Each structure stands twice: as C-alpha cells, then as structure tokens.
Amino acid sequence: MFNLAMLGLFAASSAAPVPTALAAPVDSRAPKKLVQRWTARAADPGTGLPGWTSKAPDIHVHQPANLARIPVAEIDLLRRRAMVAFEALMRQPSLRDVRGTSLQADINISVVPTLDGVRLVAAIFSIRAKSVIAGKPDTVLRDGRYVTPSEEGAVLNVHLNPYDMMARRRVQAEGLWGGGLQVRTGAAYGLYLADRLPDYDPDAEYAWGPRPLALQLQQDRSWYQPGAAGVHPLLVHVSSYSQENDDLRSDRLSPERPVSRLAAAMFMTDWEDVRRRMKAVR
C-alpha cells in the first residue's frame, strides 16, 4: 500500500469546497429528530470541544502483490470522482464545524477478489466519525481542534462499485427513493444508485436479492475505464455498532452522536446529483 499524497502526484482537490449545502429532498426513512436537528436554516454545530476534520481525504492505494498493478490513470480518475462525494458531504450542516466529534476522511483503492476470479478495481470513500471526549488522557489538539483516537468510530462509506457488499453481505431492499434503491444491512442504512436499477417489487415474496446484482457488478469497470460498459453503480452506507444502529432507526439516538451526524449527511445529500457530477469527471 502507498499513499499518493506522500508522493505528491495529485492535488488534494480539483475544486474549492462550497460553503453551503445543496438543497435536496430528505430520504423518507430519516428519523424525525435527526431531520429537525439538522435541517434548521442555521443549524448550530453542537456542543463539546471543536472536533478535528480532514481538510482532504488521505489516499491509499493497495497494489496487488502478484497481479498487474492498478494504472496511475485509473487511480487518478477514481480519486477525482470520489472527491465529488467528499465535497458534497462536507457541505452538510451536520458535518460543518463539528463539535464533540472528529472526522477522518479516506479514499481506498484496491483490486477486489470476485467470485468468478475476475479482476475488478474498486474505490471506497469513507468518513470515520469519533466522539471527542474532554479530559480523556489521549484527547489531543490537532491543527487547533481536538481528536480522541481511542474512541470507537462510526463510518460512512461511498462505494464506487459495491460488488463486495452485494456478494458478501446480506443487503436488503427497503424501497425506492430519489432515483435510487433504499437498502439496509441489519438496521444500518444505505442507498444504491446506478444508470439502471435492479428489478424491485415490494409486493413479491422475494422482492430483491443482491447476489444476481453482484454477478453483474464484477464485470463493471465504468468508474475507472472511460467508455467501458457498465452502469456507474454507487452505494452509500452508514453504520455504527449494532445497538446504535437500532437506536438511530427507532429515533432514540441523540442527533449529535457521530453516527447521527453521518446519517444526517447521507439522508440530506442529493446522491443522484453527486453521481451525475462524478460521471462528468473525465
């Protein structure tokens, strides 16, 4: 594995962050307390110590040991497309000027083993959110703000081709929303979008299954090979430990918890617009 930022090959971002959030319909599954807290016209950043936030994601490329290396051009295209998601999420009120929470952003690019042995390159953009605990011995100052590294974190992942999730996790469909398919893993929320969605019939006994989709996605190179056949599949997924996932879904969780902030950002982002702008990156 190597970090591209250390090599100085790429700039951190191709566009300056926009200071305000894009208006978007809120996901129909969003808990009411969460929506009320983070859709206020001037939502305050919350309580607690000011939390450290990545100014740009760290870029990690995991080159295979015994297979062909991922070309630099594919790495750069995936990076620039993932940056669109980073910039869109960081505009959301729940992730701006955070208090009591720190945010670490990363982009991981790797060759993903598939069921049929097909070579597939995938990228995952992630934001890991951790509580910042005043007075805890390992709470430290970083760039004028605070982080508590030992805290367990919640994570929001944006998968550019979610083959691995569909092949190896129990992903269930919940409904259609905003041009995408609402999905879940246990109580954790997700949203799948693509140029063409899989068939979904909420009234059928088996409304939708992820394995047939995985078999298609293992052949999809549309995110990193310009002109390649594919549907530009995107999966957004937010999760903490199981009890917090349950409490969030039942609207019992404080809207200022790390996973609540991530969920609010996911629910309030216009993912169809994000995916459209990702596709426009060349």
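Residues numbered from 1 in each chain as written. Predicted model: local features only at pLDDT ≥ 70, side-chain atom pairs only at ≥ 80, totals over all residues. Heavy atoms only, no water.

Enquirer: Can you help me understand the overall build of the protein in this one?
Expert: The helix and strand inventory of the protein stands at eight helices and eleven strands. Sorting the 282 residues of the protein into buried and exposed places 53% on the buried side. Of the contacts formed within the protein by residues at least 6 apart in sequence, a portion of 73% connects residues at least 24 apart. In the form shown here, the protein has an accessible surface area of approximately 12900 Å², with 53% of it arising from carbon and sulfur atoms. (Helix = DSSP H or I, 4+ residues; strand = E, 2+ residues; numbered from the N terminus. Buried < 20%, exposed > 50% of the residue type's maximum accessible area, 1.4 Å probe, protein only. Contact = heavy atoms within 4.5 Å. Areas by Shrake-Rupley, 256 points an atom, 1.4 Å probe, with all protein chains shown as cover.)

Enquirer: In this structure, what is going on with helix α8 (residues 271-280)? I would like to understand it.
Expert: It helps to recall that an α-helix has 3.6 residues per turn; residues three or four apart then point in one direction. Those residues of α8 that sit buried are W271, D273, V274, R275 and M278. Residues of α8 that are buried sit in contact with α3 (72-90), β7 (154-160), β10 (188-193), β11 (234-239) and α7 (258-268).

Enquirer: Before we go on, may I ask you to explain the nonpolar core in this structure?
Expert: F125, V158, Y192 and W271 are the most contacted members of the largest nonpolar core, which has 74 residues in total. Top element by residues in this core is α3. It accounts for eleven residues. Not counting residues up to four positions away in its chain, the partners in contact with F125 are P57, A82, A85, F86, L89, A105, D106, I107, L156, N157 and V158. (Core = buried A, V, L, I, M, F, W, Y, C linked by side-chain atoms within 4.5 Å.)

Enquirer: What should I look at first to understand the pairing of β7 in this one?
Expert: Both faces of the sheet carry side chains from a regular strand, because those side chains alternate between them. Burial within β7 is extensive, with seven of its seven residues counted as buried. With burial as the criterion, each face of β7 is covered, one bearing A154, L156, V158 and L160 and the other bearing V155, N157 and H159. Pairing of strand β4 (residues 120-131) with β7 involves seven bridges; the strand directions are antiparallel. In the sheet register, S126 faces β7, and the bridge partner there is N157. In this structure, β7 lies alongside β11, joined through six bridges in antiparallel fashion. Paired with H159 across the bridge in β11 is L235. (Pairing = 2+ DSSP bridges.)

Enquirer: What exactly am I supposed to notice about the packing of aromatic side chains here?
Expert: Two measures describe an aromatic ring pair: the distance that separates the ring centres and the angle between the ring planes. Evaluated as defined, the whole model comprises two aromatic pairs. Ring centres of Y189 and F267 lie 4.9 Å apart, and the angle between their planes is 80°; on these two criteria the pair is classed as edge-to-face. Of this pair, Y189 sits in strand β10 while F267 is found in helix α7, placing the two residues 78 residues apart along the sequence. Sitting over the ring of W52, R142 keeps its end group 4.6 Å from the ring centre. If you follow R249 out to its NZ or CZ, it ends over the ring of Y189, 4.1 Å from the centre. (Phe/Tyr/Trp six-rings, centres within 6.5 Å; stacked < 30°, edge-to-face > 60°. Lys NZ or Arg CZ within 6 Å of the ring centre and 35° of its normal.)

Enquirer: Looking at this structure, how should I read the pattern of salt bridges?
Expert: Side-chain pairing between opposite charges can occur once the charged atoms of the two side chains come close. In this structure the tally under the stated criterion is 20 salt bridges. K55 is paired through a salt bridge with D143; the nearest N and O atoms lie 4.0 Å apart. Placement of the pair is K55 in the loop between α2 (32-38) and β2 (58-62) and D143 in the loop between β5 (140-142) and β6 (145-147), with a sequence separation of 88 residues. The exposure classification of K55 matches that of D143, with both residues exposed. In this structure, the salt-bridge partner of R275 is E272, at a minimum N-O distance of 3.3 Å. Of this pair, R275 and E272 both sit in helix α8, three residues apart, which is roughly one turn of that helix. According to the relative accessible area criterion, R275 is buried, its value standing at 4%. Residue E272 is classed as partly exposed on the basis of its relative accessible area, which comes to 29%. Linked by salt bridges that have partners in common, D27, R29, E174, R184 and R249 make up one network. (Salt bridge = Lys/Arg side-chain N within 4 Å of Asp/Glu carboxyl O.)

Enquirer: Can you help me understand the side chain of S54 in this one?
Expert: For S54, the location among the structural elements is in the loop between α2 and β2. Residue S54 is classed as buried on the basis of its relative accessible area of 7%. A distance of 2.9 Å separates a polar side-chain atom of S54 from the backbone nitrogen of A105. (Polar contact = N/O pair within 3.5 Å; in protein donor to acceptor, adjacent residues only side chain to side chain.)

Enquirer: Looking at this structure, I do not really get the confidence of the model for the protein. What am I missing?
Expert: Low-confidence regions, as indicated by low pLDDT, have predicted coordinates that should not be scrutinised in detail. Chain-level statistics for the protein give a pLDDT mean of 90 and a share of 89% at 70 or above. Segment residues 5-22: pLDDT under 50, and 29 contacts once partners within four positions in sequence are set aside and those in other chains are kept. (pLDDT = per-residue confidence, 0-100.)

Enquirer: What is the right way to read the pairing of strand β8 (residues 172-177) from this model?
Expert: Across five bridges, β8 lies against strand β9 (residues 180-185) in antiparallel orientation. Across the sheet, residue A173 finds its bridge partner in β9, namely V183. Here β8 folds back onto β9, and the loop between the two strands holds two residues, one of which, G178, carries a positive phi near 55°.

Enquirer: Quick question: what am I supposed to make of the packing of α3 against α8 here?
Expert: Helix-helix packing is described using two parameters, namely the angle between the two axes and the distance between the axes. Look at α3 against α8: their axes get within 8 Å of each other, and the N-to-C directions meet at 145°. Regarding α3 and α8, the two cross each other, and that crossing is right-handed. Here α3 contributes R81, A82, V84, A85, A88 and L89 to the contact with α8, which in turn contributes W271, V274, R277, M278 and K279. (Axes fitted to C-alpha atoms, helices over the stretch in contact; angles between N-to-C directions. Left-handed = near helix turned anticlockwise from the far one by under 90°.)

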